[in-house]
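Single-letter residue listing:
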Amino acid sequence: MAEPRLPGVVVVTGTDTDVGKTVVTAALVATLVAAGLAVAAYKPTQTGVAPGETGDMGEVERLTGALTAEGTRLIAPMAPRPAAQLEGRTLPSLTHHLEAIDHLSARHDVVVVEGAGGLLVELTAEGQTLADLAAALPDSGTVLVARSALGTLNHTMLTREALSHRGIRLLGVVIGSWPTDPDVIETTNRDYFAALPEGLLGTVPQGAPALSPEAFRTEAPLWLPGVAVATGASQRRGTP
Ligand SMILES: Nc1ncnc2c1ncn2[C@@H]1O[C@H](COP(=O)(O)OP(=O)(O)OP(=O)(O)O)[C@@H](O)[C@H]1O
Ligand SMILES: [Mg+2]
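Small disclaimer: the values here were computed from a predicted structure and weren't measured. (Residues numbered from 1 in each chain as written. Chains lettered and ligands numbered in written order. Predicted model: local features only at pLDDT ≥ 70, side-chain atom pairs only at ≥ 80, totals over all residues. Heavy atoms only, no water.)

Asker: Got a minute to help me understand the overall build of the protein in this structure?
Answerer: Assigned secondary structure in the protein consists of nine helices and seven strands. Taking 18 Å as the expected radius of gyration for a compact globule of 240 residues, we find that the protein reaches 17 Å, a close match to that expectation. C-alpha atoms of the protein, sized along the principal axes, occupy 45 × 45 × 40 Å. Within the protein, the fraction of its 240 residues that count as buried is 52%. The long-range fraction of contacts in the protein, counting pairs at least 24 apart against all pairs at least 6 apart in sequence, stands at 77%. Carbon together with sulfur atoms contributes 54% to the accessible area of the protein, which is approximately 10400 Å² in total. (Helix = DSSP H or I, 4+ residues; strand = E, 2+ residues; numbered from the N terminus. Rg over C-alpha atoms; globule rule 2.2 N^0.38 Å. Buried < 20%, exposed > 50% of the residue type's maximum accessible area, 1.4 Å probe, protein only. Contact = heavy atoms within 4.5 Å. Areas by Shrake-Rupley, 256 points an atom, 1.4 Å probe, with all protein chains shown as cover.)

Asker: It is not clear to me how the coordination of the magnesium ion (ligand 2) should be interpreted in this structure. Could you clarify?
Answerer: Around a metal, the perfect tetrahedron of four donors has angles of 109.5 degrees, and the perfect octahedron of six donors has angles of 90 or 180 degrees. Looking at the magnesium ion (ligand 2), the protein donor atoms are Thr22 (OG1), Asp56 (OD) and Glu114 (OE), and they sit 2.1 to 2.2 Å from it. Spacing between the donor residues of the magnesium ion (ligand 2) along their common chain follows T-x33-D-x57-E. With threonine 22 in helix 1 (residues 21-34) and glutamate 114 in strand 4 (residues 110-114), this pair connects stretches of sequence that are 92 residues apart. The class for threonine 22 is buried, based on a relative accessible area of 14%. Residue glutamate 114 is classed as buried on the basis of its relative accessible area, which comes to 1%. (Donors = N, O, S within 2.8 Å, 3.2 Å for Na, K, Ca; no water.)

Asker: How should the pairing of strand 4 be read in this particular structure?
Answerer: Here strand 4 lies mainly inside the structure; five of its five residues are buried. Burial along strand 4 is two-sided: the residues Val110, Val112 and Glu114 and Val111 and Val113 are all buried. Where strand 2 (residues 39-46) and strand 4 come together, four bridges link them in parallel fashion. The partner of tyrosine 42 across the bridge, within strand 4, is valine 113. (Pairing = 2+ DSSP bridges.)

Asker: Can you walk me through the environment of threonine 15 in this structure?
Answerer: Along the polypeptide, threonine 15 turns up in the loop between strand 1 (9-14) and helix 1. Note: C-alpha distance between threonine 15 and arginine 160 (145 residues apart in sequence) is 9.2 Å. Every residue in contact with threonine 15, bar those within four places of it in the chain, is listed here: Leu144, Val145, Ala146, Arg147, His155, Thr156 and Thr159.

Asker: Can you help me understand the site of ligand 1 in this one?
Answerer: Around ligand 1, a shell composed of 19 residues is seen, among which Thr17, Lys21, Thr22, Pro205 and Gly207 lie nearest. Here an oxygen atom of ligand 1 and a backbone polar atom of valine 23 are 3.4 Å apart. A distance of 3.0 Å separates an oxygen atom of ligand 1 from a polar atom in the side chain of aspartate 56. Isolated, ligand 1 exposes 620 Å² of accessible area, and the fraction of that covered by the protein chains is 70%. Broken down by secondary-structure element, the contributors of at least two residues to the shell around ligand 1 are helix 1, strand 6 (170-178) and strand 7 (200-205). Examining the composition of the shell around ligand 1, we find that three residues originate from one element, helix 1, more than from any other. Looking at the shell around ligand 1, its residues break down into six nonpolar, eight polar and five charged. (Near = heavy atom within 4 Å. Polar contact = N/O pair within 3.5 Å; in protein donor to acceptor, adjacent residues only side chain to side chain. Nonpolar A, V, L, I, M, F, W, Y, C, P; charged D, E, K, R; others polar.)

Asker: Would you mind going over helix 6 (residues 152-165) with me for this structure?
Answerer: Count 3.6 residues to each turn of an α-helix, and residues three or four apart come out pointing the same way. Between its first and last C-alpha atoms helix 6 spans 20 Å; for 14 residues at 1.5 Å apiece the expected length is 20 Å, and the two agree. With its phi angle positive at about 70 degrees, glycine 167 sits one or two positions after the end of helix 6. (Expected span 1.5 Å × (residues − 1).)

So far we have only geometry, and geometry alone does not tell us how the molecule works.
Okay, structure coming up:
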């Protein structure tokens, strides 16, 4: 990371849905826990999951053992605002999410927040997005999850520009699924991200979600060297 100090809230966004935000959220949580930090994860709006089913936070909990929470859950597999409209539900407000994150922050060193889809997906009835949530969190930084394949440079740079335009701190990029046998497009994409000022925080290897939770927790810090360096002892709660 460009700055050594890790913020109290790490917001995980992506260039798209299905880019590996949940797996990266779990890898981040595991890396921070391995560094001795107390960590929780929060998903403001979970869609596409029925009551009782495992959502993204359930997956993070399975892989890391950390405490997680959801702001709300909608069944339709689509963006939160139209899903809420279809289901006749009221989405929680931005203030609700800020209070929920505050509540977790009071008991943890770091709260990792996973967005829904990409950065500008609307999370509230008023149309506020994950970018609005990140901008309203005073001590936060964003991790941008990207694909490895062709097209990722444009998507990543667009999201990066949207963050910069709003004055939201970008901690770095993570490639959500790094192939065992990368082609030249993938290796040059990775090198491009690594050369950005904030840099590449790491790559999560393809197949990571299929590892046992024990193996996932042991290996995660090796995938995210850019995060591991930002976790000093001074980060720990209660340390002056
Ligand atoms: N490193 C990886 N290796 C293998 N499969 C992966 C990897 N990362 C993600 N996947 C798979 O790709 C799919 C999408 O990943 P994931 O759920 O993490 O995406 P997401 O960005 O969190 O999506 P959403 O917007 O729905 O939250 C999942 O089935 C997941 O298991
Ligand atoms: Mg997810």
